[in-house]
Amino acid sequence: MITQYHRPKSMDEAIRLLSNNSQKSIPLGGGTKISHWDGEDIAVVDLQSLGLSTVSTDRDGFHVGAVNTLQNLLEIPGFPIDFYEAVRKETNFNLRQQSTIAGSIVASDGKSPLVAALVSMDALLVWSPSGKQQSVGEYLSLRNPTEYSFLISEILIKTNLTLSMEYIARTPGDRSQLIVAIARWNSGRTRIALGGFGKNPILAFDGPNAEGAEFAVLNSLSNSGDAWASAEYRQDAASRLLRRMLNSA
Amino acid sequence: MEIHIKLNGVAYNWEVLPNDTLLDVLRQRGIFSVKFGGCKHGECGACTVLLDGNPVNSCAMLAAQADGHEIITIEGIGEHPEQGWKKTRGLHQLQQAFVESGAIQCGYCTPAFILAAKALLEKNPNPTEAEVREAISGVLCRCTGYLKPVQAIMRAAAVMRGEIVPPVGGDDAIRMGLDWSKKPDLPETPVPQTDHGSHLAGTQVDLMPKVLTVAAEQPQVLKQIGKPEPKVDAVKLVQGKPAFAADFERRDMLVAKVLHSPVAHARIKSIDVSKAKSLPGVAAVLTWKDLPRVVYSTAGQSDPIPGPLDAFSLDKKVRFVGDRVAFVAAETAEIAEKALKLIEVEYEILPAILDSTESMKAGAIQIHDEPEYKNFADSNPLKNLAAEIRIDIGDIEKGFEEADRIFEAEYEVPKVQQAHIEPHVVVTYWDEDDRLVIRTSTQVPFHVRRMLAPVLNLPVKRIRVIKPRVGGGFGGKQEVLIEDVAGHLTIATGKPVIYEYDREEEFIASRSRHPMKIKLKTGVKLDGTITANEMYALSDTGAYGCHALTVTGNTGHKAMALYVGDGKYRKSPNIRFYADVVYTNTPPSGAYRGYGVPQGYWAVERQMENIARELGLDPITFRLKNAIRSGELHPFSTAWSEGREPRPEIIHTVGLEECVIQGKAAIGWDQKFGNQEWHQVPGKPHLRKGIGIATVMQGTAIPYLDMGGATIKMNDDGSFNLMVGATDLGTGSDTVLAQMAAEILGVPVEDILVYSSDTDFTPFDKGAYASSTTYISGAAVVKATEQAAERIRIRAARMLNSSVEEIILVDRMAVAQNGQQISLSAIALDALHHNDQEQIMGIGSYYSQSSPPPFAAQFAEVTVDIETGVVVVDQLIMAVDSGVIVNPITASGQIEGGMTQALGYAVCEEMVYDEKGQAREKDFVDYHIFRADEMPQLQTIFIQTYEPTHPFGVKAVAEIPMDGVAPAVANAIYDACGAKLTVNPATPERVWRSIHGK
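Residues numbered from 1 in each chain as written. Chains lettered and ligands numbered in written order. Predicted model: local features only at pLDDT ≥ 70, side-chain atom pairs only at ≥ 80, totals over all residues. Heavy atoms only, no water.

Re the environment of A:Pro8
Residues and elements named next belong to chain A.
Item 1. Note that Pro-8 resides in the loop between β1 (2-6) and α1 (11-18).
Item 2. Taking C-alpha positions, Pro-8 is 33 Å from Glu-85, a pair spaced 77 residues apart along the chain.
Item 3. Among residues more than four places away in sequence, those in contact with Pro-8 are Glu-13, Ala-14, Leu-17, Val-45, Asp-46, Ser-49 and Leu-50. (Helix = DSSP H or I, 4+ residues; strand = E, 2+ residues; numbered from the N terminus. Contact = heavy atoms within 4.5 Å.)

Given below as structure tokens:
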């Protein structure tokens, strides 16, 4: 149960509240997942007044403040087209007004198209107060921030790449049963993330080019069977989508 | 903590708790337009408010997060234009457009739609249809199919831009007698010009459905029947008035919660509630030990219930994950939830049957071993058999002998949810006369009263059931599901109690469509004549036998009745329908719109398609060759009637052939079917297009059983109170009943004030099910109103010195043949106050000896990814013969909404359980229902026949749209890629397996 609500006005205050050892404290973004918390007693630290909804660009890419809503992302020009599609498919219109990008990453499961896209794009989380960077993929595998890191202050999204994403679901608006996201750099570097199952999207391939990608994808999906689709199906469909996507690139 | 917000322009300081959601806080303060959809993470959007101008889901944010922000709810954007002497700003253009366009069905999600649209139009006054659909995609609607809300928003946008929009029902009114298949030379409705090109064509222009009248005798031109009258409750709903069961406050009201079983099958060895009872704020904790042991059925049906009595309010045995273990009433929901966690239960786990094929095997554990079990007909708890059906028509074996080919196949359909957005909700309290008042969201208020009386140990006369506005039902509320919980707790505590399901409870502890495994065997001559047709259905009723017999009986009664065969077989068809309805340890099945018939048509229509393709016959010609025709005997009418005595019924009107003609033309069948070029998608070699059809029939009410009553009384001003027991679930039935009364009385619909329903004040009606309200309750209204009209004519004749026979009622006047006339208000004053005083009123009830079937041709167009099995449904067109259409807007809304539900049945909806009986689907994330931004194009065409058994010629419209979509989609998939699906829904993997022979 949520027993305390705080809305700090500075990062220092937020860090102080989040590092309070007397009660478990959790950062609150949009609240779409936390608002019905029925576990242990917690305090929530609302990040809305910290100025974390800024967006800036430099040669590394977009520095997206952690509490930018998903709808804000759709209004920022310059991302690959399929990134916008990933954001749209993440959730419905109303929830896109509320859900923050950092909250969506933290609360994601394997069916998140946004996170699959971010994993393939090798996006980085920037933690406060340490300032340390951590790849989205690494964070998801551990679900643990780096040392002396209490909240995500921004997400660094690289844009010197092309992104293509295919998505299999029962209907156009349904949650995914398979996601294949491919990020390709001019150098030929190719990263492939897979989603639609499991606890989080996974990085299936990261190579100097696409050679060996299909084998890696099939291998990554060998244990992907669940109540929604068999591994056999996911492997076959992913390899067909992969070929289609690589051929059209 | 204190928060400061601006709500609808007024600043407030509110004390809230850190864990209060914004939804909770708004509703606690009487903002009832913001609805609870049962979800926890904003999946349905019924709780939408505008936060700083953006639509957000108030259930998915803390009230504290809103501190310092501005909130707009529907209360803040418009109000009733007439409030006595007070001038108001009137309705907002969006509200007005929703009223005019028929965009409101149950009305539960209407405020949310309007707020989302308002946010859009403030940023983008000239949106495309796609932008509108995206903007409202956060709001789920189970009634409309989204077409009319989108049309309403586009219409409002045009009005707000200062454009002139065509009146609904003016030039746009029904174009009687036109043949739409021949593209008649019609005056086109002007299309508002935009900068975006032609994006409005899909939705804004065609507010009215196409209607073709094919009745042998053209019905007389009427003033109200056939007119797209706005719904009588539209203005109320568009303002978000507190019309629903939970929109109700009473001092000291307790909140009920139920402890649900975590295991599929077990005996309760011990249960300790002492810790829960001692929790401060807990008023009562009830277990099976506390309640009288009364066996009953939860199926809301007429007496005697045509099924076994096998349920208790609380039992010492649990039979599915989600079954009831204990009831709690507490001061708050949080306290009640805490109390549930303090109840200690020790279970003796029993083997669970989760697969219907295991239920009747020797040695299977008996799910119902309670001595109180009461059989109905052939039920047999020793065999886990809730019902057995054995129907033989003609000589099936001889029919097979006469066939050139025999086709046999097995099909399967899943368990699916009604998914009404308003959850089950009930409030109970003792009134000042110590009578128990049950305010409940139900389709069957009179059955609730009758059936709960023994369960609560109260006489019927000490129970009053009030049915307020219902936020969708679709059969799910044809169940006396939770009223007993609140009733027991009010009896235990003496206090008012509210019990409201959350969405997870809707999935694990509610009712659903019966899953079935169906075998079909069909004998056919090479010329396409069906000589015999045999179905065996293994139907899974889950843990309790509610609706077991009647749902499954209708699977055969409707789906196996359509194709009687040709030639000599027309007079003597050979049909066999056998079914076993078995218990399993899964959540109970029950009534769901279509009531067994969609299951049957999945099998029958897939079978017909396969036969036609195998024999090289045109699938449409083959169907029509064998389909039943007008003047023929309903083949099942002499064999089965929902557990009661069957009696022969002649089918008087069959518009099926015209449905096919019009539907074919609308979808361009002749240009697409068999056209290989059309099936290809340029530049996309992995895509194939396909087109499919299914033809279907339903029923209209249950003959010799269903009865509805109505009373009508005249007021001083010449208006009328129409009181009906019928329940409007969002279908528009209150409106069409008012139209019938208005037609007879010669008044506009606004002069008919409909009240429905309250067991103390309205006449009996069996309730809203079996597609019966317009037909049965409508005929009752006609009878009652004709009585009142006759009294008016008698008095008018006296006042005008005329004869009664010469008086006609028109335009609020009684008019004599010589042209003299007098207003109805003058007649009312005369009757009530001046001369030979009397209350002009009428009372009528009606039950039918017929169940005239509506017919339909359902068309579907799809695109299939032949590599991955992904199916996108591009278009659905339904041409339907529902007799005379009383209100084309509300009727087409029924068709659009029904097709959309059925589309889910076709491609995505199913309820799956693991090896322990745990549900895979517990929310609207995993159980996906279609959103506005992913809908195919929908089109409705009405083929008007005139059903002679009804005073206005009507047949049913409500359920038939559920029947044909899934098989039509599957047949279109077959047309696209050759995939022969036998199991629905058509998930990507199922289609892929079929294509690739996996």
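Still to come is the rest of the account.
Focus on empty space enclosed by the protein
Residues and elements named next belong to chain B.
Item 1. Enumeration according to the criterion identifies nine cavities of 30 Å³ or more in this entry.
Item 2. One number sums up the size of the second largest cavity: a volume of about 220 Å³.
Item 3. Looking at the second largest cavity, it is lined by 22 residues, and the ones nearest its centre are Phe-312, Asp-323, Arg-324, Arg-511 and Tyr-544.
Item 4. Residues of the lining of the second largest cavity, tallied by class, amount to eleven nonpolar, five polar and six charged. (1 Å grid on protein atoms, 1.4 Å probe; cavity = no way out; pocket = protein on both sides within 12 Å on 5 of 7 lines; lining within 4 Å. Points joined across faces, edges and corners; volume = space filled by probe spheres on them. Nonpolar A, V, L, I, M, F, W, Y, C, P; charged D, E, K, R; others polar.)

Notes on the packing of helix α8 (residues 213-220) of chain A against helix α9 (residues 231-248) of chain A
Residue and element names in this part refer to chain A.
Item 1. One way to put it is that α8 packs onto α9 with a least axis distance of 9 Å and a crossing angle of 155 degrees. By the angle class used here, α8 and α9 are roughly antiparallel. Seen along the crossing, α8 lies across α9 with a hand that is right-handed. Where α8 abuts α9, its residues Ala-213, Glu-214, Val-217 and Leu-218 lie against Gln-235, Ala-238, Ser-239, Leu-242 and Arg-243.
Item 2. Looking at the contact of α8 with α9, its residues break down into five nonpolar, two polar and two charged. (Axes fitted to C-alpha atoms, helices over the stretch in contact; angles between N-to-C directions. Parallel < 35°, antiparallel > 145°, perpendicular 65-115°, else oblique. Left-handed = near helix turned anticlockwise from the far one by under 90°.)

So, the sheet that holds strand β4 (residues 55-58) of chain A
Residue and element names in this part refer to chain A.
Item 1. Taking strand neighbours across the sheet as the criterion, the five strands line up as β4-β5-β8-β6-β7 in an open arrangement whose pairing is antiparallel. The open sheet terminates on both sides in strands that have one partner only, identified here as β4 and β7 (133-135). Neighbour-to-neighbour, the strand axes of the sheet open up by a mean angle of 30 degrees, direction not taken into account.
Item 2. The pairing of strand β6 (residues 124-129) with strand β8 (residues 149-157) spans six bridges and is antiparallel. Residue Pro-129 lies in a different strand from β8, and its bridge partner there is Ser-149.
Item 3. Contacts between α1 and the sheet are confined to β6 and β8, with β8 contributing the most and set at about 130 degrees to the helix. (Pairing = 2+ DSSP bridges.)

Observations regarding unusual backbone geometry
Across residues other than glycine, the phi torsion is negative in most instances, and most of the peptide bonds are trans.
Item 1. Following A:Ser128, the chain continues to A:Pro129 via a peptide bond in cis, the omega torsion being 5 degrees.
Item 2. Residue B:Pro985 is reached from B:Asn984 by a cis peptide bond, and omega for that bond is 0 degrees.
Item 3. Mapped onto the elements of the fold, B:Pro985 is located in the loop between α24 (965-977) and α25 (988-996).
Item 4. Here B:Asn384, not a glycine, exhibits a phi torsion of approximately 55 degrees, which is positive.
Item 5. Among the structural elements, B:Asn384 can be located in the loop between β14 (344-349) and β15 (385-393).
Item 6. Look at B:Asp836: it is not a glycine, yet its phi comes out positive at around 45 degrees.
Item 7. Here B:Asp836 shows up in the loop between α22 (824-834) and β31 (841-847).
Item 8. With relative accessibility at 54%, the residue B:Asp836 sits in the exposed group. (Buried < 20%, exposed > 50% of the residue type's maximum accessible area, 1.4 Å probe, protein only.)

Some remarks on the sheet that holds strand β25 (residues 707-714) of chain B
Residues and elements named next belong to chain B.
Item 1. Spatial ordering of the open sheet is given by β27-β26-β25-β31, a layout of four strands whose pairing is mixed. The two strands at the open ends of the sheet, each matched to only one other strand, are β27 (752-755) and β31. Shown here is a sheet whose adjacent strand axes are inclined to one another by a mean of 20 degrees, direction ignored.
Item 2. Two strands pair when backbone bridges link them, and β25 and β31 are joined in this way by seven bridges, in the antiparallel orientation. Residue pairing across strands places Ile-712 opposite Gly-842, the latter belonging to β31.

Observations concerning the pairing of strand β34 (residues 937-944) of chain B
All names here are of chain B.
Item 1. Among the eight residues that make up β34, seven are buried, leaving the element largely enclosed by the rest of the structure.
Item 2. Sheet topology places strand β8 (residues 210-213) next to β34; four bridges connect them, and they run parallel. When the bridges of β34 are listed, Lys-210 appears paired with Ile-941.
Item 3. Across six bridges, the pairing between strand β33 (residues 871-881) and β34 is parallel. Counterpart to Leu-876 in the pairing with β34 is Leu-938.

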